[in-house]
Amino acid sequence: MSTASLKGYTWPESTVDVERGRVAMFAKAIGETDPVYFDVEAARAAGHPDLLAPPTFVFGLDLEHSDTLGVLEAHGVNLSAVLHGEQRFTYHREVHAGDSLTLQAEFTDYYAKRGGALEFLVRRSQLTSAGELVAEMESVSVIRNGAPS
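Just so we're clear, the structure is a prediction, and the values are computed from it rather than from any experiment.

The rules we used
Residue numbers restart at each chain and count upward from 1, following the sequence in its written direction. Where local features are concerned, this predicted model is filtered to residues with pLDDT of at least 70; where side-chain atom pairs are given and counted, the filter is 80 or more; whole-chain, interface and lining totals use all residues. Side-chain metrics in this entry use all non-hydrogen atoms of the structure; hydrogen atoms and water are not considered. The numbering of helices and of strands both runs from the N terminus, where a helix is a DSSP run of H or I of at least 4 residues and a strand a run of E of at least 2. For the exposure calls, accessible area comes from a 1.4 Å probe over protein chains only, and a residue counts as buried if that area is under 20% of its type's maximum, exposed if over 50%, partly exposed in between. In what follows, a contact means two residues having at least one pair of non-hydrogen atoms within 4.5 Å. Residue exposure ignores everything except the shown protein chains as possible cover, and the areas themselves are Shrake-Rupley values with a 1.4 Å probe. UniProt positions are given in the numbering used here, feature names are shortened, and annotations may be inferred rather than shown by experiment. A pair of aromatic rings is counted whenever rings of Phe, Tyr or Trp (Trp by its six-membered ring) have centres within 6.5 Å, and the orientation is called stacked for planes under 30 degrees apart, edge-to-face for over 60 and tilted otherwise. Note on criteria: charge over ring means Lys NZ or Arg CZ within 6 Å of the ring centre, with the direction from the centre no more than 35 degrees off the ring normal. As used in this record, nonpolar core signifies buried Ala, Val, Leu, Ile, Met, Phe, Trp, Tyr and Cys residues forming a set joined through side-chain atoms within 4.5 Å.

Draft legend 1. The overall build of the chain, seen in detail. Check the secondary structure of the chain and you find four helices and five strands. In sequence order, the chain lays out its α and β elements as β-α-α-α-α-β-β-β-β. Dimensions along the principal axes, computed over C-alpha positions, put the chain at roughly 55 × 30 × 20 Å. Per-residue burial over the chain gives 40% buried out of 149 residues. Across the chain, every contact between residues at least 6 apart in sequence was considered, and the portion connecting residues at least 24 apart equals 67%. Accessible area of the chain: about 7900 Å², with a carbon and sulfur share of 51%.

Draft legend 2. Representation of the UniProt feature "domain: FAS1-like dehydratase" (unreviewed entry) in the chain in the model. Sites flagged by UniProt as "domain: FAS1-like dehydratase" (unreviewed entry) map to residues 7–137. Across residues 7–137, helical content stands at 24% and strand content at 35%; the span's end C-alpha atoms are separated by 17 Å.

Draft legend 3. The arrangement of the packing of aromatic side chains in detail. Counted according to the given criterion, the structure contains seven aromatic pairs. Summarising the aromatic geometry, the rings of F89 and Y91 are spaced 5.9 Å apart at their centres and angled 20° between planes, so their arrangement reads as stacked. Judged by its relative accessible area of 25%, F89 falls in the partly exposed class. Members of the aromatic cluster, joined through ring pairs, are Y9, W11 and F107. A cation sits over an aromatic face here: K113 above F120, 5.4 Å from the ring centre.

Draft legend 4. Spotlight on the nonpolar core. Grouped together as the largest cluster of nonpolar side chains are 23 residues, with contacts concentrated most on V23, L51, V95, L101 and L127. Secondary-structure elements contributing two or more residues to this core are α1 (20–29), α2 (40–45), α3 (57–65), β3 (100–113) and β5 (132–144). In contact with V23, not counting residues within four places along its chain, are V18, Y37, L51, L52, A53, P54, F57 and A97. Among the nonpolar cores identified, the runner-up in size contains 10 residues, and L6, L72, V82 and L121 belong to it.

Next up, the structure:
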């Protein structure tokens, strides 16, 4: 199967419950110092229903529930030739501990450059909660053709 044929590949939908301990651990791991990320009382005093998840928390959920590298490898892509090109996020509301989020992801675009020496796969993901759009994420994987195995 060619890399171009992955355009349109869709991952099975998955749902994840945002756990308080996981939010706090993630916040501390990335060096957050604002207590709204790890102290429930501080979060509530700031007007949040529970711990506020740091913005990049949702990217971790996306990585965990959509095995991009596994899909690429299963389709014959040499993983040593794969680079992370870019990522972007659009948030429609904050994420808090206690949220139940549904993730949907798809390879939505493919293009090549330099005569096919570089191939690009665009992956878009959406997070929803009870039908409400929470966040949109986009990442680009770059495949270097002719890279050593």
